[in-house]
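# Understanding the architecture of this molecule
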Amino acid sequence: MLLALFLVGSALVRLGMEAGPAIAREVANIQDGTSESAAADGKLRSENMPSSAELQAMLAAFQEREAALALREAEIEDRMRALEIADEAIDQKLAALEVAEEELRSTLALADGATEADVDRLTTVYEQMKPKESAALFEEMDPAFAAGFLARMRPDAAAGIMAGLSPDAAYTISVVMAGRNSEVPKE
């Protein structure tokens, strides 16, 4: 008996909790003049549905947007292809420039080596000459040019040439030789 009383009490509590909101909704629908029975009869509410013309306009707008996006995508793809082609051309030109630079370096190294060999040979020739003969040549040379040769010579050969020069020429060449490294950084 006690168990039956609990079951009936539970049913009343459930009915009170769930039936209250349902009844309130039904009363609100009746006051608005609508009822859910019309929807239950299988009739659709047409007031919330867009019309056929509105659907057509929306479809046309979506198609326009899709076409614009496709066009933009094609433009972006074209730009990407152009950039790839430009990158390839730049890479090729850069590689050619690096090859040309390396060739220029080797040519300059050859030229510097040949120039150095020529100057060494000429210095040896001046050293082998008699001091009076080479002094006459050094007398006619530009002092900076003569100082370069004298600095490369053995000291005894350079001394013989300097002794054969006029005092003015010997002094000028000595000043140039002494000042050649004056502008070199000391620190």
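Residues numbered from 1 in each chain as written. Predicted model: local features only at pLDDT ≥ 70, side-chain atom pairs only at ≥ 80, totals over all residues. Heavy atoms only, no water.

### Here's the deal with the side chain of Ser134
Along the chain, the position of Ser134 falls in helix H4 (residues 131–140). Of the polar contacts made by the side chain of Ser134, one reaches the backbone oxygen of Pro131; its length is 3.3 Å. Setting aside anything within four residues of it in sequence, one finds Ser134 in contact with Tyr126, Met129 and Ile161. (Helix = DSSP H or I, 4+ residues; strand = E, 2+ residues; numbered from the N terminus. Polar contact = N/O pair within 3.5 Å; in protein donor to acceptor, adjacent residues only side chain to side chain. Contact = heavy atoms within 4.5 Å.)

### A closer look at the side chain of Glu127
With respect to the helices and strands, Glu127 occurs in helix H3 (residues 52–128). We classify Glu127 as buried; its relative accessible area is 16%. Excluding its chain neighbours within four sequence positions, the residues that come into contact with Glu127 are Arg152, Met153, Arg154 and Ala157. (Buried < 20%, exposed > 50% of the residue type's maximum accessible area, 1.4 Å probe, protein only.)

### Some points on the packing of aromatic side chains
Given two aromatic rings, one states the distance between the centres and the angle between the planes to describe the pair. Here the structure, examined in full by the defined rule, presents 4 aromatic pairs. Measuring from centroid to centroid gives 6.4 Å for Phe138 and Phe149, while their planes differ by 80°, and the two rings are edge-to-face. Of this pair, Phe138 sits in helix H4 while Phe149 sits in helix H5 (residues 143–152); the two residues are 11 residues apart in sequence, bridging distant segments of the chain. Phe149 matches Phe138 in its accessibility class, with the two residues each being buried. With a centroid separation of 5.0 Å and an interplanar angle of 90°, the aromatic rings of Phe145 and Phe149 are classed as edge-to-face. In this pair, Phe145 and Phe149 are both assigned in helix H5, 4 residues apart and thus about one turn of the helix distant. Judged by relative accessible area, which is 48%, Phe145 ranks as partly exposed. Chaining the aromatic ring pairs together yields one cluster made of Tyr126, Phe138, Phe145 and Phe149. (Phe/Tyr/Trp six-rings, centres within 6.5 Å; stacked < 30°, edge-to-face > 60°.)

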